[in-house]
Amino acid sequence: MEEFIPPPEAPVFQPTHEEFKDPVAYITKIRPVVVNTGICKIRPPLGWKPPFSVDVDSFRFVPRLQPLNELEAKTRVKLNFLESLAKFWELQGITFKIPNVDRHPLDLHAVFKLVTQYGGFEEMTRQRRWTLLTKELGYNSTTVAGSIRANYEKYVYPYEIFLAKTGKLKLDSTPKKDPSPINSRHSSPAKCKYGLRQNRRRNSKWEDPDYMVEMDEDNPEFKKLAFTCPGPKNAFAPLKRQSFRSSACSGAHTEEDSVFGEENDAAADVKQEPMDDTTFLESTLTPSPSPSPPPPPVSDLPPPTHAGSEAASPDVHSPAPNESGQSPSPQKKKEGGYIEKVCIIGDKRYTLKLYHIEEYKCVSCGREDSEEEMLLCDGCDSSYHMFCLDPPLQTIPPGDWRCPNCVAKECSQPQETFGFEQAKKQYSLRSFGHMANNFKREYFQMPVKEVTTSAVEREFWRLVNSIEDDVVVEYGADLLSSKHGSGFPRSPEEEEYVSSGWNLNNIPNLRGSVLSYIDVDISGMKVPWLYVGMCFSCFCWHIEDHWSYSINYLHWGEPKTWYGVPSAYAESLEATMKEQAPELFEHQPDLLHHLVTTLSPSILMKHGIPVVRTDQCEGEFVVTFPRAYHAGFNQGFNFAEAVNFTLADWLPMGRESIDHYRLHCRMPVFSHDELLCKMITQPERLDLCLLSSTSEDTASMVSSEERVRRELAQRGIDREQREAFELVNDDGRQCVSCKTCCFLSAVRCSCNPGAIACPYHVDDMCECPPSKKTLRFRYTLDELRGMLEVMRERAEGYQGWSGQVEAVLDGLVPQKADLQYLRSLAEEGEQRSFSGCYIFRELTSSIQEVEKCAAMAVQIVMGKHKTRSSGEQLLDVDGLRSFLKQVECLPCTLPEANLLRERLALVESFQCEASSELHLVSELSAEELRDHPTAHLRGLIQRGEELEVSVPELDALRIVLQQSQWITETEAKLQLEVLTVDSLKGMLRQGSGLQQSRVVEAMVERVKELLTAAQDWEQQARTALKQKPTHPASFFETMLSKAKEIPVLLPLEQTLVDTLHRATEWALQAQALQESDKHPHFDTLKMMLSSGRPIPVRLELLAQLESRYAAAKAWVDRAARTFLKKNCTSSLLEVLLPRTRSNLFNRHLSKAAKKKQEGELSVNSSPLSDVEGDRLKEMDRVHEMQRKELEFAKQLRTQNLEKMERDERLKSSGAGSLPGSPIIYCFCRRPESGYMLQCELCNEWYHATCLHIPKGKRFPGKDIGKESRFLCAACLRTKRPRLDAIVSLLISLQKVPVAISEGTALHCLAERAIAWQRRARQAITTTTAMLEAARHQSRRIGELKGHIRKWKAEAKGNRPVGPQVTTSIEAQLATSAGSVLQHYSVELLRLRSEYAGLSGSKRQSMEDLLMEGDLLEVTLDEGQQLWQLLQTDAEFLIAFEKAEKE
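Residues numbered from 1 in each chain as written. Predicted model: local features only at pLDDT ≥ 70, side-chain atom pairs only at ≥ 80, totals over all residues. Heavy atoms only, no water.

1. Looking at the packing of aromatic side chains
Here is step 1 of the chain: Applying the stated criterion to the full structure yields 48 aromatic pairs.
Here is step 2 of the chain: A ring pair is formed by Y427 and F432, whose centres lie 5.3 Å apart and whose planes are at 85°; its orientation type is edge-to-face.
Here is step 3 of the chain: Geometrically, the ring pair formed by Y443 and F536 is edge-to-face, given 5.3 Å between the ring centres and 80° between the ring planes. Residue Y443 is found in helix α10 (residues 429–444), and its partner F536 is found in the loop between β18 (529–533) and β19 (538–542); the two are separated by 93 residues along the sequence.
Here is step 4 of the chain: The exposure class of Y443 is partly exposed, given its relative accessible area of 27%.
Here is step 5 of the chain: Look at F536 and you get buried, because its relative accessible area is 0%.
Here is step 6 of the chain: Three or more aromatic residues joined by ring pairs form one cluster here, namely F4, F439, Y443, F444, F460, W461, F536, Y563 and F633.
Here is step 7 of the chain: The residue whose ring lies beneath R129 is Y118, and the NZ or CZ to ring-centre distance is 4.0 Å. (Phe/Tyr/Trp six-rings, centres within 6.5 Å; stacked < 30°, edge-to-face > 60°. Helix = DSSP H or I, 4+ residues; strand = E, 2+ residues; numbered from the N terminus. Buried < 20%, exposed > 50% of the residue type's maximum accessible area, 1.4 Å probe, protein only. Lys NZ or Arg CZ within 6 Å of the ring centre and 35° of its normal.)

Pasting the structure below:
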């Protein structure tokens, strides 16, 4: 398959908004370019996009089906050849399948074409050209030559013989009827199905494609060869042969048993039954209705059989003997001349009908002998010997067999004309788009938008040229816009697009279009057609009807790819198509008129035909020119609209198309002569652009009509009659021969008044003499000449006027006229109604140009053409010269031309003087230029400005003046002023903006050196100040010394001085801190680091202080992690120091109130801030705070207890319900409600809900405060680590060489905790013995309670029952109970007196001790023990009181 080469791109035009207003004028303008390409693409101006006006919901259509591989001419020829070849074999009972060679299907058509070109199979074999044939077929290896020859000999050679005999194929050397055995090739049958490669012969001789072997009749081995049907073996046929009757009873053949499959060679072993030689087997086997004993062996069945008759297979069984021991009769005579025979094939029983054949003779030789070799045709029942056929057959064909006459008759039938079928499904736009997008997405296996146009193009031409790939697409083509609606708007709301000339509904009827003179609507030409495409749907090579223009607009969708050929190469394209596929044109000469055949552009370009391509995108037009062949395909789902139109240049080509249609007997769409006559009968309506072309075409029409009428008169047709052909429908005035639509003249005959013939085909109408025929004419020759004369007069008047205008405009007159003459021509054209033609528009345009140039010349001469105040640029010297040249090239003369020449001379004189001055100045040095007088320069500049022309030397003079002034000013500033970086930049900016010269460059370089030195120092200083690690002070001192050498004020110089001063002061402070005999305080060290780190100078002591601070910071962080809770708002020092009064009494205040309170009470941020650094004073301050903390805590406890008692009193007195009187508790500062807990330290009550205590622990009767100690969040400020953790912190603090206030506070806390722990242990030791005695007494009381309960139970159990004893028994019980209760009371008093318990002072001292322990931010076990002792004492007292009550 040839590789597709994309053609070059077609021209693309994008008119301006002004050009876009007139489509006819614009297409006429671009015609000289497009006529060389045939097609072009036009992009509308930006913003021109008509809305799509088709009703999408109601749009329904049935598309065409397009099988892609049947569109290409050569591919269709191949498919037609294969179809004919398959039909040829099918008629002979063989199923044809394409063989494979070299793992690819063999192109049998290409082989057939080459073989027949070289004289046929026998000639190819004789000349041994098969090896050369492989190279022409494109095979790389010549070893396939044998396989190609064998396949051709087997499949195509019989067809070649058939075509040669029927006269359809003419060869240089006709094959002989009985070819010599020397040309035979005998091979065993091989399986040769499509897609499988044929098995090669193992014999090396058979591998040689040109190997020849000698055989003759006497060769016994040759006679033993098993010949197969139908291959062209050309075998020797002996006169006497062994009987082949057994083959008639062979097993039923299948497709695999044919010549294109494995033959069944078991036919020779079939069991035979003796039979009379005068009968033959019918072509069908009838199964028997019921099983019966098998018949006797079958043998010698009659030979004249129908090919394809099913016969008994080799496993036919012999019939079994009957009861009498004899075999049944093998045959039964029936009326009608046949005998019924029964045979069994496999497990089925069949009845055979055997007929008498004495009357059958071989059609070829006329003999009745060799009946065993006789075949009957299934078409005409003719008889043939198998060895009389050409080529002879060796076996009976397995299917239906046709004789050569039937085969010739069937194969000679003309092929059906190829055309597109209609799809069976109706689509809407949405359903068709869904189908089209799915097809493209699934075919390319990628999203639709990602498939490139080049990929679709290559794949399209591959599919078109492929025989194997059967891809069928659908195309909604030639849909009537009159039925479905146009895509262009027609409502008044879209007036811009409704009235636009580019609306395809309007363009055929525009002024200047020939079709506008046709009153009827012609579908497809004057009424647009719609096209709905999908990927690969295409339109084949064609030209428009009557070779007219066409215009196509793509409303939306994916691109449409076009190919075009210019009209000059139309005949070359037709010739190439006929050369590539002559078979198609032999059968259908007007093939290209049917739009069903295409050819790859690559083939056309190889034959020297220029082809262009373009991709028409959404919103673009494609215009095809007259007789420009074009084709293309759609890239995907899209919607397009197309229509025809004609311009003035089309008229001669339209007449030529009628002659072409007459030659091919094609009916035209309309009568060209009728159209032309309608135009010339109304010359006042005729557009001037059409006038000349119409006049020329009319002259050609009249001349032709005069000739044909003269010829008819010479032939004897002298009767004439006028007939209004325009009133006759088109079918009634068609020529009986060429289908031409007659108008000017025609011939009718009296034998058939309804028939009509054009003057060119009078003899084809009938054989009547001329006397019976009448010439029917529409106009007489005089009338035609009169109309032509009117046209010529108007055309000549127009041509005379236009000739004068063109001569003036083109400069063809000997002397130029003035502007007044041009105006007179314009007035004449307007008076003679020539204002609508293009030449008039050119004339008026030229007049406007001359007037514009005249006004411009006056302004230049007067010096007012451009002013500086207007801000517009002056006309330069080149512009003046070109303008003068333009004036000289005008079609008329201007009086201002001489003044322009004088002005140009002044300008050139000034240029010479200015050039001399510039040359002088360029040789001066800087000092000389500074001293050079500027008066002369200013004078020259003033003279140049007065010229009112932009002279390059004037600008150069201005530049020199600016240079001189800048050098003078810069030198003064460098010597007198104090320079800064900004002033140097300004000087450099001014100098760089000047035109560079030697002196300017030297001064600029001097300023640049100063600026560079200053900027480099600044950059070095800026880098040094930011660089890490920092530089030592000596480095900055060196930089300061360099700064003094630069005569520029440097901003960073003072910054460096300040930085060095700060570094010196910090170093002195750090040295004093290091030399002190005390450790520096943590806050002092932090402040020193915060002030030293930002200094961008290397400080030697900074690293040492950083090390100390890091160690101290690490210890503080560790202590904070030990004490502080998560999200704690207090600092470490605050929680380590004892609580102050504000900490205790203001802890429940709001943040704002607490801040205000703290601001009023505290002056310093920390209680130790005024004694920082003095450890002894810090410890004294902490001890004092510890003492005050105890006092404040007792006051808070007392205050909270009093608040609770006051709350009880208020509740008892009823005041608790008064507004504002409730006592508030808890964090939330609300009254008592629900379950509440009391803090063990501050005695404040808290709501359980505010403490987030689970509801399961808040049921009635359960006191959580008695189960565990509760401390509120305000009292429990820290995590309260154990004492050993604090000791560890203190040990690590000794290694830190920094004084830390937190360390002092922690040390005091540890001392206080140890002292409290010692006192608590003493209290616990003295109280434990008393509590043990209390526990013993409690157990004794419990025992007494048990005795009492037991006594009561016994007394109730011995109580008699009955009313008569109640009084006496109760008396006895009362006496007993009194004595027992008295005893119990005495015992209880004794136990109560023995329990000492905790005295009030003892208990108070223990509670104070416990309160002091709770104030410590340390966890100590003694605190829990003290609380348990107090709880136990309270429980014992409650137990005694309860026992006394009982």
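Structure shown, so let's carry the discussion forward.
2. So, the sheet that holds strand β28 (residues 752–757)
Here is step 1 of the chain: Strand order in the open sheet formed by 4 strands is β26-β29-β27-β28, with mixed pairing between adjacent strands. Among the strands making up the open sheet, the edge pair consists of β26 (719–722) and β28. Each strand axis lies, on average, 35° off the axis of its neighbour in the sheet, ignoring direction.
Here is step 2 of the chain: Note: β26 against strand β29 (residues 773–777), 4 bridges, orientation parallel. Residue pairing across strands places R722 opposite F777, the latter belonging to β29. (Pairing = 2+ DSSP bridges. Axes fitted to C-alpha atoms, helices over the stretch in contact; angles between N-to-C directions.)

3. Some points on the sheet that holds β19
Here is step 1 of the chain: Taken in spatial order, the 4 strands of this open sheet run β19-β24-β21-β22, and their pairing is antiparallel. Unpaired on one side and paired on the other, β19 and β22 (612–616) mark the two borders of the sheet. In this sheet, adjacent strand axes meet at a mean angle of 15° when their direction is disregarded.
Here is step 2 of the chain: One ladder, built from 3 bridges, connects β19 with strand β24 (residues 630–634); its direction is antiparallel. Paired with H542 across the bridge in β24 is H630.
Here is step 3 of the chain: Across the sheet, helix α11 (residues 453–464) is in contact with β19, β21 (560–564), β22 and β24; its angle to β24 comes to roughly 115°. (Contact = heavy atoms within 4.5 Å.)

4. Focus: the nonpolar core
Here is step 1 of the chain: Residues I42, I551, F621, W801 and L900 are the most contacted members of the largest nonpolar core, which totals 118 residues.
Here is step 2 of the chain: Looking at this core element by element, the count peaks at 10 residues for helix α22 (residues 838–862).
Here is step 3 of the chain: Contacts of L900, omitting those with residues within four sequence positions, involve A857, I860, V861, L880, F883, L884 and V887.
Here is step 4 of the chain: Of all hydrophobic cores here, the second largest spans 93 residues; its members include A1063, W1066, Y1109 and F1123. (Core = buried A, V, L, I, M, F, W, Y, C linked by side-chain atoms within 4.5 Å.)

5. Remarks on the side chain of N634
Here is step 1 of the chain: Here N634 shows up in strand β24.
Here is step 2 of the chain: When its relative accessible area of 0% is taken as the criterion, N634 is described as buried.
Here is step 3 of the chain: A polar atom in the side chain of N634 sits 3.0 Å from the side chain of N638.
Here is step 4 of the chain: Each residue touching N634, except ones within four places of it in the same chain, is listed here: Y475, G533, M534, C535, F536, S537, P559 and K560. (Polar contact = N/O pair within 3.5 Å; in protein donor to acceptor, adjacent residues only side chain to side chain.)

6. Section: unusual backbone geometry
Here is step 1 of the chain: The step from K1028 to P1029 runs through a cis peptide bond, and the omega angle for that step is -5°.
Here is step 2 of the chain: Its identity as a non-glycine residue notwithstanding, R1229 has a phi of 55°, on the positive side.
Here is step 3 of the chain: Residue placement: R1229 occurs in the loop between α37 (1175–1213) and β32 (1236–1238).

7. Side note on the packing of α37 against helix α42 (residues 1400–1415)
Here is step 1 of the chain: At a minimum axis distance of 11 Å, the contact between α37 and α42 shows a crossing angle of 115°. What the angle tells us is that α37 and α42 run roughly perpendicular. With respect to the hand of their crossing, α37 and α42 are arranged in right-handed fashion. Facing α37, whose interface residues are E1189, L1190, A1193, K1194 and R1197, α42 presents D1408, M1411, E1412 and L1415.
Here is step 2 of the chain: Within the contact of α37 with α42, the residues separate by chemical class into 4 nonpolar, no polar and 5 charged. (Parallel < 35°, antiparallel > 145°, perpendicular 65-115°, else oblique. Left-handed = near helix turned anticlockwise from the far one by under 90°. Nonpolar A, V, L, I, M, F, W, Y, C, P; charged D, E, K, R; others polar.)

8. Side note on the confidence of the model for the protein
Here is step 1 of the chain: Mean pLDDT for the protein: 76, with 75% of residues reaching 70 or above.
Here is step 2 of the chain: Ignoring residues within four places in sequence, the model shows residues 174–337, a span with pLDDT below 50, making 358 contacts including any to other chains.
Here is step 3 of the chain: Across residues 1157–1165 the pLDDT falls below 50, and counting only partners more than four positions away or on other chains, this stretch makes 5 contacts in the model. (pLDDT = per-residue confidence, 0-100.)

9. What to know about the side chain of T134
Here is step 1 of the chain: Secondary-structure assignment places T134 in helix α5 (residues 130–136).
Here is step 2 of the chain: T134 gets classed as buried once you look at its relative accessible area, which sits at 1%.

10. Notes on the pairing of strand β27 (residues 745–749)
Here is step 1 of the chain: Of all the 5 residues making up β27, 5 are buried; the element is thus mostly covered by neighbouring parts of the structure.
Here is step 2 of the chain: Side chains S745, V747 and C749 project from β27 onto one buried face, and the interleaved A746 and R748 project onto a second face that is buried too.
Here is step 3 of the chain: The pairing of β27 with β29 spans 5 bridges and is classified as antiparallel. Bridging across to β29, S745 finds its partner in F777.
Here is step 4 of the chain: In the sheet, β27 pairs with β28 via 2 bridges, with the strands oriented antiparallel. Of the residues in β28, the one forming a bridge with V747 is A757.
Here is step 5 of the chain: The hairpin formed by β27 and β28 contains 2 residues between the paired strands.

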